[in-house]
Every structure is written in C-alpha cells, then in structure tokens.
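# Summary of the model geometry
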Amino acid sequence: MDQVFVSCCPHDCPDSCPMLVRKYENDTIRLEGNPQFSLIGGGWICKKGKRWEYRVRSPKRLTSPLMKDGSSWREISWEKAISLWALRIHDALSSEGPLSNFIYQSAGSLFYSKKLFKKVFVELGGYTEPKGSLCGSAGGAGLKRAFGFTPVYKPENLKYAKGILLWGRNVVETHPHILPILRNFKASEGVEIGALEIRRTPTTDFADKWWRIRPGSDGVLALLLCKTLLERSDGWPYWRKRAKNVESFENALARLDRQNLLARTGLDESSFESIYSWLMVHRPIAIYAGYGPQRYESGAETFHLLVALSLLLGAFDLKGSGVVFGKNEDWMFPMELIGSPAMQRRVPVGDWVLNISGYRPKIKTALFTCCNPAKQAPGIEKFKRAMAEIPFKVCLDIEMSETALLCDLVLPAACFLEEGPDWLGSWWHGYLLRSEKALDPPGQALPETTIFTLLAQELGLNIDLEEARNKMDQLLKNSPLVKQVSKGIYALKEQDSWCENNRVEILLPDDFPMTLRDSHNFESLRFISVHSSQFINGQTFGVENPDTPEVFVSDKEAAKRSINDGDLIILSGRGITLKGICRIDKTMDSGYCIMVQGHPWVNELTEPKVSPGYGVPFHESFVDLNKL
Ligand SMILES: Nc1nc2c(c(=O)[nH]1)N[C@H]1C(S)=C(S)[C@@H](COP(=O)(O)OP(=O)(O)OC[C@H]3O[C@@H](n4cnc5c(=O)[nH]c(N)nc54)[C@H](O)[C@@H]3O)O[C@H]1N2
Ligand SMILES: Nc1nc2c(c(=O)[nH]1)N[C@H]1C(S)=C(S)[C@@H](COP(=O)(O)OP(=O)(O)OC[C@H]3O[C@@H](n4cnc5c(=O)[nH]c(N)nc54)[C@H](O)[C@@H]3O)O[C@H]1N2
Ligand SMILES: [Mo]
C-alpha cells in the first residue's frame, strides 16, 4: 500500500513549499505540492524540489563515514569517526579553550533540527562562528537600522498596492510561487509591475515596465527620488510624523547635487522622470527588493534608503506600501533548546579566511554542516589556504561537496525525507511547516540529531538531541503563536511591521558614505553573479557544470575588445584565469560582466570582503576580460 507523508522543501528559497511524499512499496517516492496549501500561490512544487525524488537515492549520497587517508578516502566505522572527532575537540579544549572550535552552518537545509547541534558546543563552554551570512545580511542590516528590528511585510498586503516595484529582484527565476499572485495583480486595471535591473531578465519581460540602472547605484537612485519628492513637494503629507532624524536627512539631501546623482545611476533625465512619474501614479508602492542590489559595499545603506523612500511615498498611511525583502525564517526556532554559550567569538563570514592566522585562541577544529563555503563563499583560494591552517576539519553533508573534500572527516547525514518530525519556516510567507519521516537514510547515514548525540556522549555530555527534536515538535505544535491550517501547515500569528497601527518610528540616515563613494572606473569590469532558475545556490545536483561557462557582456564592451558572441574569452582577476564563452547581451551597459553563480569557478574570482552589516559584497570584485 502506498503511504503519504507531509513534508516541505528544505531549500533556502523564499517559497518554502509544503509537499506530499507518496511512498511506494519499492521504497521509491513521488513528491508533489500539498494541495491544502493554495493560500498564497502554493499547491505545486518546482523542478528543484521535485529533483529530491531521485536525489534522495542517488549514487552521489554519502553512505558511510570517511576519513582522509593521504590523497584518498577510507571508510571507517561511526564509532571510530566519533571517537576521533571527540578526541580532537577535547585536545582543542585543553590547549586553547572553547573558542578554538569553529562551527560553520549555512543554507543547505532550512530545517530546524539542523540547528540543534549547537547545544553540544554551548555545553562545551562556547565556540567561534561566522558573523553575517553569504546571503542577505547587508540588506537586512539596512532595514534593521531603519526600524530597530527586522520588519515583516505580509504577502497578503500586496493586494493593496497599485505598483509593485521589483527592485533588482528576479522573481521569475528565484521566487516562482509569487508569480500567480503577480499575474492576478497584473490583471487588475490600473495596477502595474515595474522592475529596476542591470540587464533584461525573465522578470523584466514579465513586468509592465522596466528601467536599467548602473550596478551598485540603487542607493543613489533612492536618494535622488527622495530629494526630488521633497523639492517638488510630492512627499506624502504626513511622512515626517513617522520619522526620526528628519531635519538632518533633509539637510543632507539638500546638499546633494542632482546632476551628480543622476550621472551615477547611469539613467538619463527622461528615464528618471519615467520612474518618478510611475511611482507617483501607482501609489501605494510595494518595493520588492532583491539580493543582487545589496551585494555591494553600499548594500546596507541602500536598503536603509529604500525604507526612507518608502516612507516618503506614503508607507504606513497607504496600505500595501513598504519594502519587501527577507525576514528571519528561524523566528520560531526554540532557542531555549540550545541555550547561550558562556563564550563566543564571531568572525565576519566574508573575510575570516584572511585573518585566521592571527586568531588567538587559535582555531583547532572546524565543523562544516549544511554549507559549502569552498564553492559559495568569496575568494575560494583564500578559503583553501585558511582550511590548511586548521588542524582538524569535519564536514557533514549528504554528498561529497567541495568543502567536504578539504576536510579530514566526512560524515553522511540524513536528508529531510529521512528524519522527523521536523519543522521549517519561510523568509517570505507566514506559515510554519511540519514534516514527517518518510524513508530510512541510505547506508550508514544518520540524522544530524543522532550524530551529535553520539558526539556528546563521547565527550561525556548528557545531551539527547533526538529528545530535543521531539520537544521542539511539542513546543511548536502547542505554541500560542501558530494555528494549524491543515496537516503539516501552521499559520503564524505575525504582525505586519508596515501596518498603519504600528507605533514604529523610522530612523532616517543623514550620511551616505558608501552610497556616494566614487565608483570604480578602470578598464576592468565589475564582476556580477546571479542566481539561476535551474538550481538552488551551489546545489547543482541534476544540472551539469557547463564545459565552458558563459560570460555576459554588453555589445560596447565586446566591441572594444573585438569579441563576437560565441567567441572564447579569458576572464582574469585575483591571479586566477578562467576560460569562458562570450555572450553579448545588448540589454547590459558598459563596465560589468555577469556569470551565473553556483559553479565552482565563480567565487575564485570574487574578493573575500565584508560590508557594513556583515554582508558579503560579492559584486565589489573586478576582472579583466580578453579574447582568447
Ligand atoms: N531557482 C533558484 N531560486 C532561488 C535561488 C537559486 O539559487 N535558484 N536562491 C535563493 C536565495 S538563497 C536567494 S538569496 C534568492 C536571490 O534572489 P534574487 O535577489 O532574485 O536573485 P539574484 O540573482 O541574487 O539578484 C537579483 C537580480 O539583481 C540584479 N542585480 C545585480 N546587481 C544589481 C544592482 O546593483 N542593482 C539592481 N537593481 N539589480 C542588480 C541581477 O541582475 C539579478 O537579476 O533566491 C532564492 N531562490
Ligand atoms: N558569487 C556568488 N556567491 C554566492 C551567491 C551569489 O549570488 N554570488 N549567493 C550567496 C547566497 S544568497 C547564498 S544563500 C549562499 C549559499 O551558500 P551555502 O549555504 O554554503 O551553499 P548551498 O549550495 O546551499 O549548499 C550547502 C550544502 O548543504 C548540503 N546539504 C543539503 N541538505 C543537507 C542536510 O540535510 N544536511 C547537511 N549536513 N547538508 C546538507 C548540500 O549538499 C550542499 O553541499 O551562497 C552565496 N554565494
Ligand atoms: Mo541566499
């Protein structure tokens, strides 16, 4: 008899889709959208989620603990693996103390059970971990500066907007479940979708109108829009009531030179006027901001300025106005199950690799779980060098990742279909999702909760993370902040931070040092990487790495170098050279080139850097591009 389980997609994607797992007698599965979830564009799953049908049993799965043995790998027993790991942690503790254990987790799976392992390191007295994320820290920090907390824009409120401005957000590729909502939107009279981009994308095709701006100049555009709104007395009449620091903000805007700002955005006067009048006509405006525009030094400032612009456009008075970005999907995770460490050291995720040799206490062991920084973090060769300085490294993954290959011990983890009950939130919608175990893990793979319980026992700690996961299940099911909608789907009682009844006051900026910094104007090209509809982040399972990657440039940049579309080119930067195939994109402007992120070579060319708000300014990297 077939069995059906509730589950949800583990990917770090805003859509966080509830799924049904149909399990057949031969232990194969089929995945489909949970039809109970048609609330906000749901009820179906995309090809990335669907791929787990065969990824879960693919030959690429790790099935036994592996220890590095010279240049090859040796299978070892769990007993041996755990005892070796515990010994190294113990040595680190006695020589350098708790901060010598480094723990690194990222976005490989958003399931809550994956976070419980920290309890072990809390009980050991502390740890070192990265600060910030490779993803949206800068943008998030800008929003937080304005609000004092991370604001939530409830997707339901989009229906009140008359203009949705997709500000560097490529929703058609990266947020497909919003599309049914946007299609409805487009069908309403007088309601429009606009897009601000650096190139034509499937999203700009989808929008009613789009404008191209210079990479990294979104904050400048926001400033110019605010300045113009004030000069023309078009600002929402009551915006000052909601704001702190009004006078300084207005004075700072008054001092800025209009022509200089316009030139920085790369827009001509008529395009600027077209954006301006679009905003005037389509209030209330929802600014739907993307991750691309915050991967710059100015990322946090840009997002702070988007809030200021939104306020001047009538946010809080006009329902539906506001800035939509991510929110904390872990908001409901019961932190009490982990506790807080006595000691903690946090090192910027963007550039810790540059400074590791100076750390005191030294890093003696490192744990990598649900992450693949050897592919997804900036400056790969610097990452490799940092790894060489860490005496003992462990990676937990479901497959042999680039990061796992650099470790001493690789441990096979169960994936979301093989453990549970488990939970996950969304950085877009307001539902908390519960999943059930549908399959046993392959070979000797184990749930992370089991792996760390074994480690804790070996370290002499009285911790049972399986029990903690079950406790989490009870806590979440019974939380007064959720209401069950159907099996596995729980609505969150969340407040919309942009709602008119909120008593928030927006802090306006009066200094824009990163936004007004002179932009780079050498011969080299700004190197920009973008997400693809084909796969998620660095998880390219089921999608081949192209033999020769495509590099997109404008026709002007190609002509300057006598390059035709399809020609082989050499991309070089940071002492790395890469062969690529040139794709001319006439919708791009001069000064930058674009590649799809998620392939191992991309972050060889990016600089390990940290931006305000502990973001990673991937797009502040520059390359030379020449004909081969
Ligand atoms: N299919 C798929 N979906 C995904 C992901 C995936 O890898 N694949 N990843 C998920 C994750 S973790 C994230 S963070 C999100 C990312 O979602 P998005 O923010 O939509 O994706 P990005 O490609 O990072 O950036 C969006 C756009 O910003 C543009 N851009 C770059 N620089 C600038 C700029 O200076 N100004 C402006 N206005 N635009 C600029 C790029 O051309 C790009 O089209 O997607 C999530 N969803
Ligand atoms: N140049 C450039 N770099 C980027 C970006 C960019 O736009 N440009 N985007 C950035 C963004 S937005 C993000 S969010 C990051 C993502 O960066 P990461 O989170 O580091 O990368 P992922 O590719 O999501 O892969 C994480 C790993 O988790 C593993 N995994 C999957 N499920 C499980 C599980 O259940 N348990 C364990 N232990 N492991 C599991 C996968 O096999 C994979 O190896 O990349 C960033 N990197
Ligand atoms: Mo991300």
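Look up: the structure comes first, before these words.
This structure is a prediction, so every number in the text was calculated from the model and none was measured.

## Concerning helix α13 (residues 299–312)
- Between its first and last C-alpha atoms α13 spans 20 Å; for 14 residues at 1.5 Å apiece the expected length is 20 Å, and the two agree.
- One or two steps after α13, the chain reaches G314, where phi turns positive at roughly 110°.

## So, the pairing of strand β25 (residues 568–573)
- Pairing between β25 and strand β26 (residues 576–584): six bridges, direction antiparallel. Residue pairing across strands places G573 opposite I576, the latter belonging to β26.
- The antiparallel pairing of β25 with β26 creates a hairpin that spans two residues between the two strands, and R574 there sits at a positive phi of about 55°.
- With four bridges connecting them, β25 and strand β28 (residues 622–627) associate as antiparallel partners.

## Some details on the sheet that holds strand β2 (residues 18–23)
- Sheet architecture is open: three strands sit in the order β1-β2-β3, paired in antiparallel fashion. Each edge of the open sheet carries a strand with a single partner, namely β1 (3–8) and β3 (29–33). Ignoring strand direction, the axes of neighbouring strands in this sheet form an average angle of 25°.
- Summarising the sheet, β2 and β3 pair through five bridges and their orientation is antiparallel. Among the inter-strand pairings, M19 is bridged to a residue of β3, identified as G33.

## A word on the environment of I45
- With respect to the element layout, I45 can be found in the loop between β3 and α1 (47–50).
- By relative accessible area, I45 is classed as buried at 15%.
- The sequence separation of I45 and E523 amounts to 478 residues, and the corresponding C-alpha distance is 44 Å.
- Filtering out sequence-adjacent residues up to four positions away, I45 remains in contact with C17, P18, M19, L31, E32, G33, K50 and H177.

## Points about the sheet that holds strand β8 (residues 163–167)
- Read from one edge to the other, the open sheet built from five strands follows the order β10-β9-β8-β12-β13, with strand pairing classed as parallel. Looking at which strands have only one partner, the edges of the open sheet turn out to be β10 (209–212) and β13 (322–324). Adjacent strand axes in the sheet meet at a mean angle of 20°, parallel and antiparallel pairs treated alike.
- Bridge count for strand β12 (residues 285–289) against β13 is three bridges, and the pairing is parallel. Residue pairing in the sheet places I287 in a bridge with V323 of β13.
- Each of β8 and β9 (192–197) is contacted by helix α7 (residues 179–187), which is oriented at about 120° to β9, the strand it contacts most.
- On top of the sheet, α13 reaches β8, β12 and β13; it is set at about 170° to β12, its chief contact.

## A look at helix α3 (residues 78–96)
- Here α3 spans 27 Å end to end across 19 residues, near enough to the 27 Å set by a 1.5 Å rise per residue.
- Within α3 the residues assigned to the buried category are W78, A81, I82, W85, A86, I89 and A92. With its buried residues spanning 120° around the axis, α3 presents them on a single face. Turned more than 90 degrees away from the buried face of α3, the exposed residues are E79, L87 and S94.
- Taken from the residues just after α3, G97 is the one with a positive phi, measuring 90°.

## Details of the pattern of salt bridges
- Considering all chains together, one arrives at 40 salt bridges under this definition.
- Note that E129 is salt-bridged to R346, the shortest N-O span being 3.4 Å. Placement of E129 in strand β7 (residues 126–131) and of R346 in strand β14 (residues 343–348) is noted, with a sequence separation of 217 residues between them.
- You can call E129 buried: its relative accessible area is 9%.
- Residue class for R346 comes out partly exposed when judged on its relative accessible area of 41%.
- A salt bridge links D589 to R212; the nearest nitrogen and oxygen atoms lie 3.7 Å apart. With a gap of 377 residues between them, D589 in the loop between β26 and β27 (592–596) and R212 in strand β10 connect regions that are remote in the sequence.
- With relative accessibility at 30%, the residue R212 sits in the partly exposed group.

## As for the site of ligand 1
- Lining the immediate environment of ligand 1, one finds 33 residues, of which E197, G216, Y291, R295 and F535 sit closest.
- In the model, an oxygen atom of ligand 1 is placed 2.6 Å from a nitrogen or oxygen of the E197 side chain.
- Between ligand 1 and D218 there is a distance of 2.7 Å, counted from a nitrogen atom to a side-chain nitrogen or oxygen.
- Protein contacts shield 99% of the accessible area of ligand 1, which totals 910 Å² for the unbound molecule.
- Mapped onto the shell around ligand 1, the elements with two or more residues apiece are α6 (171–174) and β9.
- Looking at the shell around ligand 1, its residues break down into twelve nonpolar, 13 polar and eight charged.

Parameters and conventions
Residues numbered from 1 in each chain as written. Chains lettered and ligands numbered in written order. Predicted model: local features only at pLDDT ≥ 70, side-chain atom pairs only at ≥ 80, totals over all residues. Heavy atoms only, no water. Helix = DSSP H or I, 4+ residues; strand = E, 2+ residues; numbered from the N terminus. Expected span 1.5 Å × (residues − 1). Pairing = 2+ DSSP bridges. Axes fitted to C-alpha atoms, helices over the stretch in contact; angles between N-to-C directions. Buried < 20%, exposed > 50% of the residue type's maximum accessible area, 1.4 Å probe, protein only. Contact = heavy atoms within 4.5 Å. Arc of directions from axis to C-beta. Salt bridge = Lys/Arg side-chain N within 4 Å of Asp/Glu carboxyl O. Near = heavy atom within 4 Å. Polar contact = N/O pair within 3.5 Å; in protein donor to acceptor, adjacent residues only side chain to side chain. Areas by Shrake-Rupley, 256 points an atom, 1.4 Å probe, with all protein chains shown as cover. Nonpolar A, V, L, I, M, F, W, Y, C, P; charged D, E, K, R; others polar.

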